[in-house]
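Each chain, written out:
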Amino acid sequence: MGSKAAVNVAGIPYAISDARLVIAGYAFGNQPFSKEPPDPPYGSPLNIEETAVFAYRSYDCVPAGSQELFELTDLDFLVADGLNGRIGSRAMAGFRQTREYVNEALGLLSRHPPFTFWDLDKSEIKDMDQGASGEDSRLWGLYRAWFVLMSSPNSGVALTHKVLHHRLPHLVPLLDNETAPRLGTQARSRGLTSAWAQIHEDLALQASEFADLEDWFQKEATSRSLVPLTRLRLHDILLWCAVTGKRERAEALGRSVLSSESA
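These lines cover the structure that appears in this document, whether it is placed above or below. (Residues numbered from 1 in each chain as written. Predicted model: local features only at pLDDT ≥ 70, side-chain atom pairs only at ≥ 80, totals over all residues. Heavy atoms only, no water.)

This brings us to the overall build of the protein chain. Per the secondary structure count, the protein chain includes twelve helices and four strands. Expected size for 263 residues packed as a compact globule is a radius of gyration near 18 Å; at 19 Å, the protein chain falls within 12% of this value. Within the protein chain, the fraction of its 263 residues that count as buried is 46%. Expressed as a percentage of contacts within the protein chain between residues at least 6 apart in sequence, the contacts between residues at least 24 apart total 67%. As displayed, the protein chain offers around 13300 Å² of accessible surface, 50% of which is attributable to carbon and sulfur atoms. For the protein chain, the distance from the average site of its 26 positive side-chain charges to the average site of its 33 negative ones is 3 Å. (Helix = DSSP H or I, 4+ residues; strand = E, 2+ residues; numbered from the N terminus. Rg over C-alpha atoms; globule rule 2.2 N^0.38 Å. Buried < 20%, exposed > 50% of the residue type's maximum accessible area, 1.4 Å probe, protein only. Contact = heavy atoms within 4.5 Å. Areas by Shrake-Rupley, 256 points an atom, 1.4 Å probe, with all protein chains shown as cover. Lys, Arg positive; Asp, Glu negative; His and termini not counted. Charge placed at Lys NZ, Arg CZ, Asp CG, Glu CD.)

Attention now goes to the packing of helix α6 (residues 140–151) against helix α7 (residues 157–167). Where α6 contacts α7, the axes come no closer than 9 Å and their chain directions differ by 135°. When the interaxial angle is binned, α6 and α7 end up oblique. Note on packing geometry: the crossing formed by α6 with α7 is right-handed. Contacts between α6 and α7 involve A145, W146, L149 and M150 from the first element and V157, T160, H161, V163 and L164 from the second. Residues of the contact of α6 with α7, tallied by class, amount to seven nonpolar, two polar and no charged. (Axes fitted to C-alpha atoms, helices over the stretch in contact; angles between N-to-C directions. Parallel < 35°, antiparallel > 145°, perpendicular 65-115°, else oblique. Left-handed = near helix turned anticlockwise from the far one by under 90°. Nonpolar A, V, L, I, M, F, W, Y, C, P; charged D, E, K, R; others polar.)

All right, on to the packing of aromatic side chains then. Taken as a whole and assessed by the stated rule, the structure comprises ten aromatic pairs. Ring geometry for F54 against W240: centres 6.1 Å apart, planes inclined by 85°, an arrangement best described as edge-to-face. On the criterion of sequence distance, the pair formed by F54 in the loop between β4 (50–52) and α2 (56–60) and W240 in helix α11 (residues 231–243) is long-range, its members being 186 residues apart. In this structure, F54 and W240 share a single accessibility class: buried. Seen from their ring centres, Y56 and F217 are 5.8 Å apart, and the 90° between their planes marks the pair as edge-to-face. Of this pair, Y56 sits in helix α2 while F217 sits in helix α10 (residues 207–223), placing them 161 residues apart in sequence. With respect to burial, Y56 and F217 carry one shared label: buried. By the ring-pair criterion, three or more aromatic residues cluster together here, those being F28, Y56, W216 and F217. Sitting above the plane of the F28 ring, R224 keeps its charged end 4.0 Å from the centroid. The residue whose ring lies beneath R247 is Y14, and the NZ or CZ to ring-centre distance is 3.7 Å. (Phe/Tyr/Trp six-rings, centres within 6.5 Å; stacked < 30°, edge-to-face > 60°. Lys NZ or Arg CZ within 6 Å of the ring centre and 35° of its normal.)

Here we take up the side chain of E251. By secondary structure assignment, the location of E251 is in helix α12 (residues 247–262). Looking at E251, the relative accessible area reads 16%, which means it is buried.

Between the first and last C-alpha of α11 there are 18 Å, a value that for 13 residues agrees with the 18 Å anticipated at 1.5 Å per step. Extensive coverage of α11 is indicated by the burial of eleven of its 13 residues. Within the span of α11, buried status applies to R231, L232, R233, L234, H235, D236, I237, L238, L239, W240 and C241. Looking at the residues trailing α11, positive phi occurs at G245, about 80°. (Expected span 1.5 Å × (residues − 1).)

What follows concerns unusual backbone geometry. A negative phi angle characterises most non-glycine residues, just as the trans form characterises most peptide bonds. With omega at 5°, the peptide bond leading from D39 into P40 counts as cis. Note on placement: P40 falls in the loop between β3 (30–32) and β4. Despite not being glycine, R86 has its phi angle at roughly 55°, a positive value. In this fold, R86 is placed in the loop between α3 (74–78) and α4 (89–107). Residue R86 is classed as exposed on the basis of its relative accessible area of 75%. Phi is positive for S225, close to 60°, though the residue is something other than glycine.

With that settled, the discussion passes to the environment of P113. You can see P113 is positioned in the loop between α4 and α5 (122–129). Separated by 25 residues in sequence, P113 and R138 place their C-alpha atoms 9.0 Å apart.

In C-alpha coordinates form, the structure reads like this:
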(Lines give C-alpha, C1' and ligand atoms only; values in the text may rest on other atoms or scores of the structure.)
Protein backbone atom coordinates (compact mmCIF):
# COMPACT_ATOMS: atom_id res chain seq x y z
CA MET A 1 0.00 0.00 0.00
CA GLY A 2 1.07 3.62 -0.45
CA SER A 3 2.59 5.86 2.13
CA LYS A 4 -0.80 6.81 3.60
CA ALA A 5 -3.77 4.66 4.58
CA ALA A 6 -6.11 7.28 3.13
CA VAL A 7 -6.98 8.93 -0.16
CA ASN A 8 -8.55 12.30 -0.84
CA VAL A 9 -10.84 13.20 -3.78
CA ALA A 10 -11.58 16.92 -4.25
CA GLY A 11 -11.11 17.48 -0.53
CA ILE A 12 -13.21 14.47 0.54
CA PRO A 13 -11.20 11.97 2.61
CA TYR A 14 -11.51 8.20 2.40
CA ALA A 15 -9.67 5.60 4.40
CA ILE A 16 -8.18 3.20 1.85
CA SER A 17 -10.25 0.38 3.34
CA ASP A 18 -13.44 2.43 2.88
CA ALA A 19 -12.43 3.43 -0.64
CA ARG A 20 -12.10 -0.23 -1.55
CA LEU A 21 -15.54 -0.99 -0.11
CA VAL A 22 -17.18 1.83 -2.06
CA ILE A 23 -15.48 0.86 -5.32
CA ALA A 24 -16.33 -2.83 -4.89
CA GLY A 25 -19.93 -1.97 -4.04
CA TYR A 26 -20.25 0.33 -7.05
CA ALA A 27 -18.73 -2.18 -9.45
CA PHE A 28 -20.00 -5.52 -8.16
CA GLY A 29 -23.03 -4.74 -5.98
CA ASN A 30 -26.35 -6.32 -7.02
CA GLN A 31 -30.02 -5.84 -6.28
CA PRO A 32 -33.04 -8.09 -6.94
CA PHE A 33 -34.17 -8.45 -10.53
CA SER A 34 -37.78 -7.62 -9.75
CA LYS A 35 -39.43 -6.91 -13.12
CA GLU A 36 -42.91 -8.39 -13.17
CA PRO A 37 -43.28 -10.47 -16.35
CA PRO A 38 -46.11 -9.61 -18.76
CA ASP A 39 -49.29 -11.62 -19.05
CA PRO A 40 -50.01 -13.99 -20.74
CA PRO A 41 -46.72 -15.88 -20.35
CA TYR A 42 -44.81 -17.15 -23.38
CA GLY A 43 -42.55 -19.87 -22.08
CA SER A 44 -40.98 -20.10 -18.64
CA PRO A 45 -40.08 -17.04 -16.50
CA LEU A 46 -36.58 -15.60 -16.80
CA ASN A 47 -34.07 -17.31 -14.55
CA ILE A 48 -32.46 -14.06 -13.38
CA GLU A 49 -32.29 -13.26 -9.69
CA GLU A 50 -30.08 -10.16 -9.53
CA THR A 51 -29.00 -7.15 -11.56
CA ALA A 52 -26.40 -4.41 -11.07
CA VAL A 53 -27.10 -1.47 -8.77
CA PHE A 54 -24.72 1.02 -10.37
CA ALA A 55 -23.39 1.68 -13.88
CA TYR A 56 -20.08 -0.20 -14.02
CA ARG A 57 -21.47 -3.12 -16.02
CA SER A 58 -23.63 -0.97 -18.30
CA TYR A 59 -20.83 1.49 -19.14
CA ASP A 60 -17.31 0.41 -18.27
CA CYS A 61 -17.87 -3.22 -19.27
CA VAL A 62 -19.29 -2.35 -22.70
CA PRO A 63 -16.49 -2.65 -25.30
CA ALA A 64 -15.54 0.39 -27.37
CA GLY A 65 -17.17 0.58 -30.78
CA SER A 66 -13.92 0.35 -32.74
CA GLN A 67 -10.53 -1.24 -32.25
CA GLU A 68 -8.98 1.97 -33.57
CA LEU A 69 -7.83 3.85 -30.45
CA PHE A 70 -8.62 7.34 -31.70
CA GLU A 71 -11.89 6.70 -33.52
CA LEU A 72 -15.36 7.27 -32.09
CA THR A 73 -18.34 5.37 -33.47
CA ASP A 74 -22.08 5.60 -32.84
CA LEU A 75 -21.70 2.96 -30.12
CA ASP A 76 -19.07 5.05 -28.31
CA PHE A 77 -21.60 7.86 -28.10
CA LEU A 78 -24.60 5.70 -27.20
CA VAL A 79 -22.79 3.81 -24.44
CA ALA A 80 -22.71 7.03 -22.42
CA ASP A 81 -26.39 6.38 -21.76
CA GLY A 82 -25.23 3.39 -19.73
CA LEU A 83 -23.84 6.01 -17.33
CA ASN A 84 -27.05 8.06 -17.41
CA GLY A 85 -25.80 10.24 -20.28
CA ARG A 86 -29.39 11.17 -21.24
CA ILE A 87 -28.86 10.95 -24.96
CA GLY A 88 -31.75 12.24 -27.03
CA SER A 89 -32.32 12.37 -30.77
CA ARG A 90 -30.88 15.89 -31.11
CA ALA A 91 -27.69 14.99 -29.27
CA MET A 92 -27.27 11.84 -31.35
CA ALA A 93 -27.90 13.70 -34.61
CA GLY A 94 -25.40 16.38 -33.57
CA PHE A 95 -22.76 13.79 -32.79
CA ARG A 96 -23.20 12.10 -36.15
CA GLN A 97 -22.65 15.46 -37.84
CA THR A 98 -19.55 16.32 -35.82
CA ARG A 99 -18.01 12.83 -35.50
CA GLU A 100 -15.62 13.44 -38.40
CA TYR A 101 -14.25 16.54 -36.65
CA VAL A 102 -13.93 14.71 -33.33
CA ASN A 103 -12.02 11.83 -34.88
CA GLU A 104 -9.77 14.21 -36.79
CA ALA A 105 -8.91 15.89 -33.49
CA LEU A 106 -8.33 12.62 -31.63
CA GLY A 107 -6.07 11.46 -34.45
CA LEU A 108 -3.64 14.21 -33.53
CA LEU A 109 -2.88 12.28 -30.33
CA SER A 110 -1.19 9.57 -32.40
CA ARG A 111 1.60 12.02 -33.25
CA HIS A 112 2.90 11.68 -29.69
CA PRO A 113 4.20 8.68 -27.73
CA PRO A 114 1.49 7.12 -25.54
CA PHE A 115 0.86 8.95 -22.27
CA THR A 116 -1.62 9.00 -19.43
CA PHE A 117 -3.45 11.91 -17.83
CA TRP A 118 -1.80 11.40 -14.45
CA ASP A 119 1.69 11.45 -15.98
CA LEU A 120 1.18 14.93 -17.44
CA ASP A 121 3.03 17.86 -15.95
CA LYS A 122 0.60 20.26 -14.27
CA SER A 123 1.88 23.07 -16.50
CA GLU A 124 0.49 21.27 -19.56
CA ILE A 125 -3.01 21.25 -18.12
CA LYS A 126 -2.75 24.86 -16.97
CA ASP A 127 -1.61 26.04 -20.39
CA MET A 128 -4.44 24.25 -22.18
CA ASP A 129 -7.06 25.37 -19.65
CA GLN A 130 -6.05 28.94 -20.36
CA GLY A 131 -5.93 28.41 -24.12
CA ALA A 132 -2.21 29.17 -24.11
CA SER A 133 -0.70 26.19 -25.94
CA GLY A 134 -0.68 25.67 -29.68
CA GLU A 135 -1.36 22.68 -31.88
CA ASP A 136 2.05 21.17 -31.15
CA SER A 137 0.97 20.39 -27.57
CA ARG A 138 0.25 16.72 -26.96
CA LEU A 139 -3.04 17.71 -25.34
CA TRP A 140 -4.23 19.83 -28.24
CA GLY A 141 -6.11 17.02 -30.01
CA LEU A 142 -7.88 16.05 -26.80
CA TYR A 143 -8.98 19.60 -26.05
CA ARG A 144 -10.04 20.08 -29.66
CA ALA A 145 -12.21 16.93 -29.45
CA TRP A 146 -13.68 18.24 -26.18
CA PHE A 147 -14.41 21.58 -27.86
CA VAL A 148 -16.17 19.93 -30.81
CA LEU A 149 -18.36 17.72 -28.62
CA MET A 150 -19.19 20.61 -26.30
CA SER A 151 -20.22 22.63 -29.38
CA SER A 152 -22.67 19.94 -30.49
CA PRO A 153 -26.41 20.34 -29.67
CA ASN A 154 -27.46 18.89 -26.29
CA SER A 155 -23.94 17.63 -25.55
CA GLY A 156 -22.88 19.28 -22.29
CA VAL A 157 -20.23 18.61 -19.67
CA ALA A 158 -21.54 15.21 -18.54
CA LEU A 159 -22.17 13.68 -21.96
CA THR A 160 -18.94 14.99 -23.47
CA HIS A 161 -16.78 13.56 -20.70
CA LYS A 162 -18.64 10.25 -20.57
CA VAL A 163 -18.17 9.72 -24.31
CA LEU A 164 -14.49 10.66 -24.36
CA HIS A 165 -13.60 8.78 -21.17
CA HIS A 166 -15.14 5.53 -22.41
CA ARG A 167 -13.01 5.75 -25.56
CA LEU A 168 -9.84 6.95 -23.77
CA PRO A 169 -10.09 5.95 -20.10
CA HIS A 170 -6.38 6.62 -19.50
CA LEU A 171 -6.57 10.18 -20.83
CA VAL A 172 -9.95 11.79 -20.17
CA PRO A 173 -11.23 12.61 -16.68
CA LEU A 174 -14.85 11.84 -15.84
CA LEU A 175 -17.03 14.59 -14.43
CA ASP A 176 -20.70 15.41 -14.61
CA ASN A 177 -23.26 17.86 -13.28
CA GLU A 178 -22.99 16.26 -9.82
CA THR A 179 -19.20 16.24 -9.45
CA ALA A 180 -18.21 19.32 -11.47
CA PRO A 181 -19.35 21.86 -8.81
CA ARG A 182 -17.35 20.13 -6.09
CA LEU A 183 -14.28 19.92 -8.31
CA GLY A 184 -14.62 23.57 -9.30
CA THR A 185 -14.96 24.75 -5.70
CA GLN A 186 -11.97 22.70 -4.59
CA ALA A 187 -9.91 23.88 -7.57
CA ARG A 188 -10.54 27.53 -6.73
CA SER A 189 -9.60 26.96 -3.10
CA ARG A 190 -6.32 25.44 -4.28
CA GLY A 191 -5.58 28.21 -6.80
CA LEU A 192 -6.08 25.82 -9.72
CA THR A 193 -7.59 26.65 -13.09
CA SER A 194 -10.18 23.94 -13.66
CA ALA A 195 -11.84 20.67 -12.63
CA TRP A 196 -9.30 18.81 -14.78
CA ALA A 197 -6.47 20.48 -12.87
CA GLN A 198 -8.03 19.45 -9.55
CA ILE A 199 -8.34 15.82 -10.65
CA HIS A 200 -4.74 15.89 -11.88
CA GLU A 201 -3.52 17.29 -8.56
CA ASP A 202 -5.41 14.61 -6.62
CA LEU A 203 -3.80 11.88 -8.71
CA ALA A 204 -0.33 13.43 -8.76
CA LEU A 205 -0.11 14.06 -5.01
CA GLN A 206 -1.43 10.57 -4.23
CA ALA A 207 0.18 8.61 -7.03
CA SER A 208 1.10 5.57 -4.93
CA GLU A 209 -2.33 5.39 -3.28
CA PHE A 210 -4.17 5.50 -6.59
CA ALA A 211 -1.72 3.05 -8.17
CA ASP A 212 -2.47 0.64 -5.32
CA LEU A 213 -6.23 1.08 -5.78
CA GLU A 214 -5.81 0.52 -9.51
CA ASP A 215 -3.81 -2.69 -8.99
CA TRP A 216 -6.23 -3.95 -6.33
CA PHE A 217 -9.26 -3.36 -8.53
CA GLN A 218 -7.61 -5.00 -11.53
CA LYS A 219 -7.23 -8.20 -9.50
CA GLU A 220 -10.84 -8.01 -8.28
CA ALA A 221 -12.22 -7.39 -11.77
CA THR A 222 -10.04 -10.02 -13.45
CA SER A 223 -11.12 -12.66 -10.93
CA ARG A 224 -14.72 -11.99 -12.08
CA SER A 225 -13.84 -11.82 -15.80
CA LEU A 226 -14.76 -8.13 -15.78
CA VAL A 227 -13.02 -4.93 -16.85
CA PRO A 228 -10.21 -3.14 -14.95
CA LEU A 229 -10.56 0.59 -14.37
CA THR A 230 -8.00 3.37 -14.52
CA ARG A 231 -7.44 5.66 -11.58
CA LEU A 232 -9.40 8.38 -13.41
CA ARG A 233 -12.56 6.28 -13.13
CA LEU A 234 -11.79 5.19 -9.58
CA HIS A 235 -11.44 8.86 -8.60
CA ASP A 236 -14.78 9.57 -10.26
CA ILE A 237 -16.55 6.70 -8.49
CA LEU A 238 -15.32 7.83 -5.08
CA LEU A 239 -16.25 11.45 -5.71
CA TRP A 240 -19.62 10.70 -7.30
CA CYS A 241 -20.68 8.37 -4.48
CA ALA A 242 -19.74 11.02 -1.91
CA VAL A 243 -21.46 14.03 -3.49
CA THR A 244 -24.64 12.17 -4.47
CA GLY A 245 -25.22 10.52 -1.11
CA LYS A 246 -24.56 7.03 -2.52
CA ARG A 247 -21.42 6.44 -0.48
CA GLU A 248 -23.13 4.62 2.40
CA ARG A 249 -25.03 2.26 0.12
CA ALA A 250 -22.00 1.51 -2.04
CA GLU A 251 -19.92 0.86 1.08
CA ALA A 252 -22.52 -1.56 2.46
CA LEU A 253 -22.70 -3.39 -0.86
CA GLY A 254 -18.91 -3.56 -1.02
CA ARG A 255 -18.71 -4.94 2.49
CA SER A 256 -21.16 -7.68 1.51
CA VAL A 257 -19.30 -8.47 -1.71
CA LEU A 258 -15.84 -8.62 -0.18
CA SER A 259 -16.90 -10.43 2.98
CA SER A 260 -18.57 -13.16 0.93
CA GLU A 261 -15.27 -13.72 -0.87
CA SER A 262 -13.34 -14.26 2.35
CA ALA A 263 -16.02 -16.47 3.92
